[in-house]
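Architecture and fold: a report
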Amino acid sequence: MALLEVENIHSFYGHIQALRGVSLTVEEGEVVTLIGSNGAGKTTTLRSIHGVLPPKQGRVVFDGEEIQGTPAHDMISKGIAQSPEGRKIFSRMTVRENLEMGAYHRTDDIREDMDRVFDLFPRLKERIKQEAGTMSGGEQQMLAIGRALMSRPKLLLLDEPSMGLAPVLVERIFQIIQEINKQGTTILLVEQNANVALEIATRGYVLETGAVVNSAPAEKLRQDPKVREAYLGEI
Amino acid sequence: MTTGDATKTLSGALLEGLRHSSWQSRLAVAVVALMLALLLVQAVQDPGQFTSQLLIGLTNGAIIALIALGYTLVYGIIELINFAHGDNFMIGSFVGLTVLSGTLFGLGLFAPISGDSGTIIKVAGVLIALVVAMAACGLLNVGIERIAYKPLRNSPRLAVLITAIGMSFILQNVGLVWKGPAQVPFPDLISSANILPGDAIVFRWKDLFVLAVTIPLLVGLSYFIKNTKQGKAMRAVAQDKEAAAMVGINVNRTISVTFLLGGILAGASGVMYGLFNGITVFNVGFTQGLYAFTAAVLGGIGNLSGAVVGGLLIGIIGSMADQYVGVRWTSIVIFAVLVLVLVFRPTGLLGDRSATQGGGSGRA
Ligand SMILES: Nc1ncnc2c1ncn2[C@@H]1O[C@H](COP(=O)(O)OP(=O)(O)OP(=O)(O)O)[C@@H](O)[C@H]1O
Ligand SMILES: [Mg+2]
């Protein structure tokens, strides 16, 4: 059984329909990527899975349990964490406090997890007492990912983790994502940077105007001429 | 929560004003300088009276600051100016009065506590009145949020604002029905005798009482918000509700806790106001609420230290104006200062990021 099964979800912003029957599955241990142009509904898909924007129709099954009606704040204890689009760190709190908030629902010792985050992002350790909003964009991105990891999620939703990062950092962030995956976290990755995303992903889905138009193993998508033309910047 | 900070910011604002040096700002600086000079003259002429006035201002300011915190806490978390907050304070004074008169829920529980009661009875009575009023106002505030504001969480802000004004009217009318339109006397339980020897400087037991209740409340609040899990959750929700939900914080519950805290402080303030001034009235929440709201704006709404600094400043400016300008002019002086500050610092004395900064621990 897949870790996450999204079945035919429809989501709306007011009267505007953003998702028109999206279905996808993520198996345990995979890195699955969701690609598509601006406004295709990638962020909305993650928000719908996460309960921030509950779908009006359709099912979301996680770990064998239907969760489409579950409020967002209960998702973390089910095992879903997200590093959202735009980072959404708590900018007036320190780096340490942000990481603590990531483990908000936990009552056990979190030092080990904090060390793990610092191993992945040594930069954050140097800035542990800094107010998060005063950090650079890249550092804030690291913090957003680190915060999501603090809950020890089974499934990590990543929305454009490479946004606004220098090319060297993009490479590094993707290495880290692979590392996180190897350490046992399943990942659903949304990326503009489709090229790199398809390199580290097992499988990929292509989203267009709120619907899945293509899905295949990542290797296959990379060779698909239509995908190459539309998303990999090749003519 | 230092006044030093406030003075620094204030003088900084004035200097900044000078540098802009339009004729308005020069005029403003001249007015402030003149006012300060006049105060200085008074201080030199009769230092005893000046100091006494300062202390009275501090006490009044403490009562205002507690209400102001309620405005600022709520604004920090849902960006709503809770117009019903002042009336919640009024209800607090009524609840306290009812407890002291021994007739809670129409039951004659015990004989009314008055100035003639024994010391232990007085102390116990005051403490019980405080605790009951704090609990009642806290729960009332939570109830108001649930019933009136929560359903409008995603409506335009104006809708919630108008609802808040409506809640204010409702509470005032509850007060009117409860205790009538006239001022109601509070039992005189705390001595107005001077603590200090001689009568050069007056600092009464009443003043001490207010500070003795306010300071622990402020320390407690500050600790709660800085260090407890729930307090951190409040700051997180104030900064980003969606992100807060994603890390597992129940946003609705956190908002309720914020209203609870604001109500608790208003309840304490209401009882102290009654005991301090010897009276309360159904519309006392309007005037005190206005001062407190002004204090919150003056300090920088959303900023907790700002609310305290603003409250103390308004208390002190008010008592100085009472003494040296004339009671009739007090409100004018207070609002003139508010306007003056907002001209130079639209975000208030300590509010550096205004709306976006949320109800953080401020710069305490
Ligand atoms: N808060 C909102 N209110 C109304 N419409 C919205 C809102 N957020 C997104 N939409 C609309 O929903 C559609 C999908 O948006 P979404 O953010 O999911 O796109 P995306 O694939 O993540 O795009 P991008 O690559 O630019 O991040 C778009 O047409 C967008 O305009
Ligand atoms: Mg997006």
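My aim in this report is to walk through the structure given alongside it, one point at a time.

Calculation rules
- Residues numbered from 1 in each chain as written.
- Chains lettered and ligands numbered in written order.
- Predicted model: local features only at pLDDT ≥ 70, side-chain atom pairs only at ≥ 80, totals over all residues.
- Heavy atoms only, no water.
- Donors = N, O, S within 2.8 Å, 3.2 Å for Na, K, Ca; no water.
- Helix = DSSP H or I, 4+ residues; strand = E, 2+ residues; numbered from the N terminus.
- Buried < 20%, exposed > 50% of the residue type's maximum accessible area, 1.4 Å probe, protein only.
- Contact = heavy atoms within 4.5 Å.
- Buried area = accessible area lost by both parts, 1.4 Å probe.
- Salt bridge = Lys/Arg side-chain N within 4 Å of Asp/Glu carboxyl O.
- Polar contact = N/O pair within 3.5 Å; in protein donor to acceptor, adjacent residues only side chain to side chain.
- Nonpolar A, V, L, I, M, F, W, Y, C, P; charged D, E, K, R; others polar.
- Pairing = 2+ DSSP bridges.
- Axes fitted to C-alpha atoms, helices over the stretch in contact; angles between N-to-C directions.
- Patch = residues over 30% accessible without salt bridge, like charges linked within 9 Å, V, L, I, M, F, W, Y side chains within 5 Å.
- Areas by Shrake-Rupley, 256 points an atom, 1.4 Å probe, with all protein chains shown as cover.
- Near = heavy atom within 4 Å.

Re the coordination of the magnesium ion (ligand 2)
All names here are of chain A. Those donors, Thr43 (OG1) and Glu85 (OE), are the protein atoms that reach the magnesium ion (ligand 2), and they lie 1.9 to 2.3 Å from it. Note that threonine 43 is positioned in helix α1 (residues 42–50) and glutamate 85 in the loop between β6 (80–83) and α3 (95–102), a separation of 42 residues in sequence. Taking the relative accessible area as the measure of exposure, threonine 43 reaches 17% and is therefore buried. On the basis of relative accessible area, glutamate 85 is assigned to the partly exposed category, the value being 34%.

Points about the interface of chain A and chain B
Taken together, the contacts link 22 residues of chain A with 25 residues of chain B. Of the roughly 2200 Å² buried at the junction of chain A and chain B (both faces included), carbon and sulfur atoms supply 54%. When the area that chain A buries against chain B is broken down by residue, the three leading residues are His73(A), Arg92(A) and Tyr104(A), summing to 38%. There are 4 salt bridges connecting chain A and chain B. Its salt-bridge partner being Arg47(A), residue Glu242(B) comes within 2.6 Å of it at the nearest N-O pair. In this structure, the connection of chain A to chain B is made through 8 residue pairs in polar contact (both at pLDDT 80 or more). Among the elements of the structure, α1, α2 (72–78) and α3 of chain A are those that each provide at least two residues to the side of chain A that touches chain B. The dominant element in the side of chain A that touches chain B, judged by the number of residues it contributes, is α3(A), at 4 residues. Residue classes in the side of chain A that touches chain B are distributed as 8 nonpolar, 6 polar and 8 charged.

Concerning the sheet that holds strand β10 (residues 211–217) of chain A
The pairing of strands in a sheet comes from backbone hydrogen bonds and takes either a parallel or an antiparallel form. Residues and elements named next belong to chain A. Reading across the sheet, the 6 strands line up as β6-β7-β8-β3-β9-β10 and stay open at both edges, with mixed pairing between neighbours. With one partner strand each, in any of the chains shown, β6 and β10 form the two edges of the open sheet. Neighbour-to-neighbour, the strand axes of this sheet turn through a mean angle of 20°, independent of strand direction. Those strands touched by α1 are β3 (31–35), β6, β7 (155–159), β8 (186–190) and β9 (203–208), and its axis lies near 150° from that of β7.

Brief notes about a nonpolar patch on the surface
Side chains of Trp23(B), Leu27(B), Val31(B) and Met35(B) sit close together on the surface and give an oily, nonpolar patch of about 430 Å² of accessible area. Of note, Leu27(B) is situated in helix α2 (residues 23–45).

Structural notes on the site of ligand 1
Residue and element names in this part refer to chain A. Near ligand 1 there are 13 residues, and of these Lys42, Thr43, Thr44, Glu85 and Gln192 occur at the shortest range. A distance of 2.8 Å separates an oxygen atom of ligand 1 from a polar atom in the side chain of asparagine 38. The separation between an oxygen atom of ligand 1 and a polar side-chain atom of threonine 44 is 2.4 Å. Considered on its own, ligand 1 offers 630 Å² of accessible surface; in the complex 62% of this is hidden by protein. The element contributing the most residues to the shell around ligand 1 is α1, with 3 residues. Across the shell around ligand 1, the residue classes tally to 3 nonpolar, 7 polar and 3 charged.

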